[in-house]
Structures are given as C-alpha cells and as structure tokens.
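Reading the structure
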Amino acid sequence: GENVEQHPSTLSVQEGDSAVIKCTYSDSASNYFPWSKQELGKRPQLIIDIRSNVGEKKDQRIAVTLNKTAKHFSLHITETQPEDSAVYFCAASTTAGNKLTFGGGTRVLVKP
Amino acid sequence: KAGVTQTPRYLIKTRGQQVTLSCSPISGHRSVSWYQQTPGQGLQFLFEYFSETQRNKGNFPGRFSGRQFSNSRSEMNVSTLELGDSALYLCASSLPESSYEQYFGPGTRLTVT
C-alpha cells in the first residue's frame, strides 16, 4: 500500500522566516496531495492541496510543489507568524475514493 | 452550512466492552471516511463509506467495523476494546465526485481503561 514519509518531525523558526516541510510517497498512482493544519485540541483542516497534473500551487503565504518523477512534494510557508504554530500533515490519495495516507506530521513552532 | 458532527465527543470504556461512534456529514456529502489518531501511530485510515457501501478499507482488525445509512450518516463500531484502542476517532465527509477535499469532524476521544 501507499506509504508517506514526512520531514522534519519538528521545526522551529523565527517569526518572519520561511518554513519548509517535505514529504515523499511510494505509490506512483497517487494523484491528490492535501496539506492539513491541526492546532492543539482541534480537528485537522485543509490549508492547500495539489493534484498530479500540477507542479506548483500558491495561496497567499502558502505554496506547495510536487515532483512526480521523484515522488515528493513540499509545503512552503513564507513570512511565518505565531498563528502558524501547529502540527502540519501531508497526505496522498491514490483511488477514486477518499482514502488518505498521512505522513507522520510536523510540529511547527514560530517564535516571536 | 453545518459542519461535520460527531457524537459522543468523549467516551470512557473498559477493556472488553464495545463502542459505537456516530458521524453526520455535511449536507449533500455522500462519502464518509474514518481515521484513528494516536500520538504513536499518527493519523491512520480505517474505512470509507459511500452510498451505504464500504468503498475503501485500511489495515485494522475485524473488531473495527462501520456502516452508512441512506441519509449518509455513518457509524463505526469497535468490539472487544483493547487499551491500544484509546485514540481520537475522526470522521471526514466529502463530495466523492469532486476534488476529494475532506472536511473533518471534531472527533470522538475514546479512552479505554
């Protein structure tokens, strides 16, 4: 089955700096890659997603890149703010259904 | 539009008992997926239901089962509870015909003692 690896597991950045989280996946049939943010005690929420026919997608301070050949995708957060502190999850989906395989999560701490 | 709701929000059970959790999807969403979240194993897919049929299944033992009703509401059941079943159980609803975006409910925190 699909396997998603996520790095780093923790990331500490200074406010205003950029944060980058990287994920690799194993199944070349994966075609949908969402990123979710989970604040302490809350549910995961989708922040951005990308499909296999797109190489890059941007939404304000957040961007995601996808390299299908290398089977990896990354989340970039620019101009980080304290409210960006949370756990971020990457995921991959291979089927027409809604089965997401998640990475292990990255705990991001933005220091003011 | 109301979000995904899950009941109960918190539950304490004893080893060997069984439990049923409920999930009501966003109106119009016909796909419901269930996930288990633990500190050690992270977020793991349990199963997905669409049109009252299990469409996808994760790698969990047969003690974990689910079903979906004609109004798209879903339940999951865990029989013969073990201490390791203590977790946050999240359901997510989606429009299966579209972008696969999943909307998560608040979760049910299950503690097995």
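In the block above lies the structure referred to throughout.
Bear in mind the structure is a predicted one, so any value in this text is a computation, not a measurement.

1. Here we look at the pairing of strand β5 (residues 42–50) of chain B
All names here are of chain B. Counting buried positions along β5 yields eight of nine residues, so the element is predominantly enclosed. Of the strand pairs in this sheet, strand β4 (residues 31–38) and β5 are connected by eight bridges, and their pairing is antiparallel. Paired with Y35 across the bridge in β5 is F45. The hairpin turn running from β4 into β5, its antiparallel successor, is three residues long. Where β5 and strand β6 (residues 53–57) come together, four bridges link them in antiparallel fashion. Its bridge partner lying in β6, Y49 is registered against Q54. Between β5 and β6, which follow one another and run antiparallel, lie two residues, and S51 among them has a positive phi close to 50°.

2. A short note on the pattern of salt bridges
Scanning all chains against the criterion turns up nine salt bridges over all chains. We note a salt bridge from R63(B) to E82(B), for which the minimum N-O separation is 3.6 Å. In this pair, R63(B) sits in the loop between β6 and β7 (64–68) while E82(B) sits in the loop between β8 (74–78) and β9 (87–94), placing the two residues 19 residues apart along the sequence. Classification of R63(B) as buried rests on a relative accessible area of 15%. Look at E82(B) and you get partly exposed, because its relative accessible area is 42%. Each of K37(A), E39(A) and K42(A) takes part in a single network of salt bridges with overlapping partners.

3. Side note on the state of the cysteines
All names here are of chain A. A full pass over the atoms with the stated rule returns two disulfides over all chains. At a sulfur-sulfur separation of 2.0 Å, the disulfide partner of C23 is C90. Taking the sign of the S-S torsion, about -100° here, the bridge from C23 to C90 comes out left-handed. Of this pair, C23 sits in strand β3 (residues 19–25) while C90 sits in strand β9 (residues 86–93), and the two are 67 residues apart along the sequence.

Analysis parameters
Residues numbered from 1 in each chain as written. Chains lettered and ligands numbered in written order. Predicted model: local features only at pLDDT ≥ 70, side-chain atom pairs only at ≥ 80, totals over all residues. Heavy atoms only, no water. Buried < 20%, exposed > 50% of the residue type's maximum accessible area, 1.4 Å probe, protein only. Helix = DSSP H or I, 4+ residues; strand = E, 2+ residues; numbered from the N terminus. Pairing = 2+ DSSP bridges. Salt bridge = Lys/Arg side-chain N within 4 Å of Asp/Glu carboxyl O. Disulfide = S-S within 2.5 Å.

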